Amino acid sequence: MKTVTARNIGIITGAAMIAFSLIIYKVKGNFDGNLPYITYAMYVGGIIWTLLNYKKNSAETPGFKRFFAEGFKCFVLVTFLMVVFTLVFILLHPELKEQMAVLMQAELAKNKDYTPVDIEKSITTAKKLFLPGYIMAVVFSYLAIGALVTALASVFLSKKSS
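In this report, we go over the structure that sits alongside the text.

Okay, the nonpolar core next. With 27 residues, the main nonpolar core has Met17, Tyr43, Ile47, Leu51, Val78, Met82 and Tyr142 as its most contacted residues. Considering every element that reaches this core, the biggest residue donor is helix α3 (residues 64-92), with nine residues. Residues within four places of Tyr142 in sequence aside, it is in contact with Met17, Thr39, Tyr40, Tyr43, Thr79 and Met82.

What follows is the structure, encoded as structure tokens:
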């Protein structure tokens, strides 16, 4: 029987996360609430699956570096897929930027220290930075979570059983 590679698990995990994200948006019309956290749970599950699969298919228990390298292959691919998905999704839904601007304007209007000119400048700047800021947040969050989960799981899985 052919073994499933870290790359294949990354593709499966990323595709499942994208599909679930689309379902959330189709059903709710937004990503508010706790449902999007399920995509992070799927991400963690994909990394753990990769590492357990690697351990199962190794003749002896690999060390931390080998486990981390295998997990890295998975989480970098998932991160790439989620960044591409996020970019395309935002470009296809320009109303998201406008919704952010409306919410931001309402929040800034509550603060008496801002003049209408200050509010308008802040909103204009936020609109310019919306896409790159969002993409940077996606890259950072997925890489950070992937590295943390992979490192922690690699520590536990690389310990020899006594």
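Considering all chains together, one arrives at eleven aromatic pairs under this definition. Judged by centre distance (6.2 Å) and plane angle (75°), the rings of Phe68 and Phe75 are edge-to-face. Here the aromatic cluster, defined as three or more aromatic residues joined through ring pairs, consists of Tyr25, Phe31, Phe85 and Phe89.

The final tally for this structure, using the stated rule, is three salt bridges. Among the salt bridges present, the one from Glu107 reaches Lys110, with a minimum N-O distance of 3.1 Å. Placement of both Glu107 and Lys110 in helix α4 (residues 95-110) is noted, with a separation of three residues, approximately one turn of the helix.

With that settled, the discussion passes to a nonpolar patch on the surface. On the surface, Phe64, Leu148, Leu152, Val155 and Phe156 cluster together to form a nonpolar patch covering roughly 500 Å² of accessible area. No other element matches helix α5 (residues 116-158), which puts four residues into the nonpolar patch. Take Leu148: its relative accessible area is 52%, and that puts it in the exposed class.

Cut-offs applied
Residues numbered from 1 in each chain as written. Predicted model: local features only at pLDDT ≥ 70, side-chain atom pairs only at ≥ 80, totals over all residues. Heavy atoms only, no water. Core = buried A, V, L, I, M, F, W, Y, C linked by side-chain atoms within 4.5 Å. Buried < 20%, exposed > 50% of the residue type's maximum accessible area, 1.4 Å probe, protein only. Helix = DSSP H or I, 4+ residues; strand = E, 2+ residues; numbered from the N terminus. Contact = heavy atoms within 4.5 Å. Phe/Tyr/Trp six-rings, centres within 6.5 Å; stacked < 30°, edge-to-face > 60°. Salt bridge = Lys/Arg side-chain N within 4 Å of Asp/Glu carboxyl O. Patch = residues over 30% accessible without salt bridge, like charges linked within 9 Å, V, L, I, M, F, W, Y side chains within 5 Å. Areas by Shrake-Rupley, 256 points an atom, 1.4 Å probe, with all protein chains shown as cover.

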